[in-house]
Amino acid sequence: MTVSGLPAGFRIEFDPTVRRVRPDLLVGGVPTRMLRLSGRGAEALAELDAGPVRSAAAGVLARRLTDAGLAHPRPPVVVDDLDLVVIVPARDRSGSLDRCLSALGKRYPVTVVDDGSVDPAAIARVASRHGAALVCRSTNAGPAAARNTGLAATASELVAFVDSDTLPEADTLTALGAHLADPAVVAAAPRIVGAAGRTSVGRYARGRSALDCGPRPGRVAPLGRVPFVPTTALVVRRTALGSGFDEHLRFGEDVDLVWRIDAAGGCVRYDPGLRVAHTEPETWWALLVRRHRYGTSAAPLALRHPGALVPLLVEPWTASAIGAVLLRRPLVALILLAGGLVEEILMRRQTGLPVGESATAVLNRAQQSCRSVGGYAIKFLGPVVVPMLVRRRSAAVAALLLAEPVADWWSGRAIATDPVTHVVGHLVEDVAYGSGVVVGCARARTAAPLLPRLRRVRARLRS
């Protein structure tokens, strides 16, 4: 489907990374992109700075900015109710379902799908008390099958998939649906935030839910800033669902759906300004088991979507410099970073970016690479790096392994936890996820989710 511009009434919000190097040159986004403006483009940008899209030229520019990740759309407020049905798969946990339906209220019709509960009567009572339609499956087949069953029992233009252990509000679903006023957008997801008790695991899970895709908005696409969103809460056009969820997948069925939508040309938006609370595990064991199970989905997803799932993506200069530091060759590491700096300067001269910012760009990439390499090592190379750390008492190895969890805590994302609990929890959760990936790879007989990839970081020119 070809859509010319962002519809009238939409506003845009520039990504925090974007800078106006010159009046006619915008730089930013993830990965870094450039946009050069003509005189007419500068006039359209002035219109967007002043308010919502009014002209066709402003709509076209807004589309280019949002497609490139330089800006994010802000839809107009929806006044009328949407043609939307909420589908809630459930298996037992009638108390959670009761809280979920209470949060939803009765603004939109709800269909509860009982996926083979041990006590179906309890689910039926809750659904009846809240006026929700009930569809029962005789056997448990997993969330993919349950959602497909609910989809077959409804006929609305829009569908909201909501898990029974969430606390969604109808206003949130309406605001998500507002993104679909853009015909190019076929689905929208909120930020999932942890709801848990005051135990140590509860405080940790509130600050670092496995389903939380972070505070930055973006288009959902493999290898992007937001590579996936869960269907813990998702509003989607029925016409974009195709054959629905893949019922062969017990885990990762939501990621598979979103990636298929993206591959078909549909745009999925992530809006962290809208939030839905999700009940987190109450014990460390339950949390780690969940992460392990999530990890088992990596191999089936990698086989279905070749190239979409890369566990480590770094550029050659910084990756080599990190290796040199670990081998206690600091001079070699400096030479390699200097090589990266030269490449950065040459690239900036070719594309018109400010050369004076080259060193900062290289150091920022080096810092991010340290975090990524450390996380990869914890997940998949623990039997190698931990003995190395103990045997050699390597401060460099320790710093590498701790880079990501310490930076994550320092960023303020986990303000509910003390640093020790957060760092240790982060490390053991990574190990649990990595073990799940390895088990999944063994079952599927593929190593694809374990293989890192080198990538040169280049600004992408958009004229």
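Note that the structure is predicted; figures quoted are calculated from it, not measured.

Here is what the cut-offs are and how they apply
- Residues numbered from 1 in each chain as written.
- Predicted model: local features only at pLDDT ≥ 70, side-chain atom pairs only at ≥ 80, totals over all residues.
- Heavy atoms only, no water.
- Helix = DSSP H or I, 4+ residues; strand = E, 2+ residues; numbered from the N terminus.
- Contact = heavy atoms within 4.5 Å.
- Disulfide = S-S within 2.5 Å.
- Core = buried A, V, L, I, M, F, W, Y, C linked by side-chain atoms within 4.5 Å.
- Buried < 20%, exposed > 50% of the residue type's maximum accessible area, 1.4 Å probe, protein only.

S.K.: Go over the side chain of T172 with me, naming the residues and quoting the values.
M.R.: In this fold, T172 is placed in helix 6 (residues 170–178). With near-sequence residues (within four places) excluded, T172 lies in contact with L274, R275 and V276.

S.K.: Go over the state of the cysteines with me, naming the residues and quoting the values.
M.R.: This structure, assessed with the given rule, holds zero disulfides. In this structure C267 is not part of a disulfide, and its nearest cysteine sulfur, from C213, lies 15 Å away.

S.K.: A description of the nonpolar core should follow, citing residues and the corresponding values.
M.R.: Ranked by size, the top nonpolar core spans 39 residues in total, and within it F161, V220, V229, V236, W259 and V268 carry the most contacts. Tallying contributions element by element places helix 8 (residues 253–263) first for this core, with five residues. Residue contacts for V236: discarding those within four places in its chain leaves E157, L158, V159, F161, L180, V186, A187, L241 and I261. In terms of nonpolar packing, the next biggest core, distinct from the first, is built from 28 residues, C100, A127, A170 and A188 among them.

S.K.: Quick one: what's the story with the side chain of H305, residue by residue and with numbers?
M.R.: Along the chain, H305 falls in the loop between helix 10 (298–304) and strand 15 (313–314). Apart from the residues within four sequence positions on either side, H305 is in contact with D256, W259 and R260.

S.K.: Summarise the environment of L176; cite the residues concerned and give the values.
M.R.: Mapped onto the elements of the fold, L176 is located in helix 6. By relative accessible area, L176 is classed as buried at 0%. Each C-alpha atom, one on L176 and one on L234, is 8.1 Å from the other, the two residues being 58 residues apart in sequence. Excluding anything up to four places from it in sequence, L176 contacts A188, A189, P190, V235 and L274.

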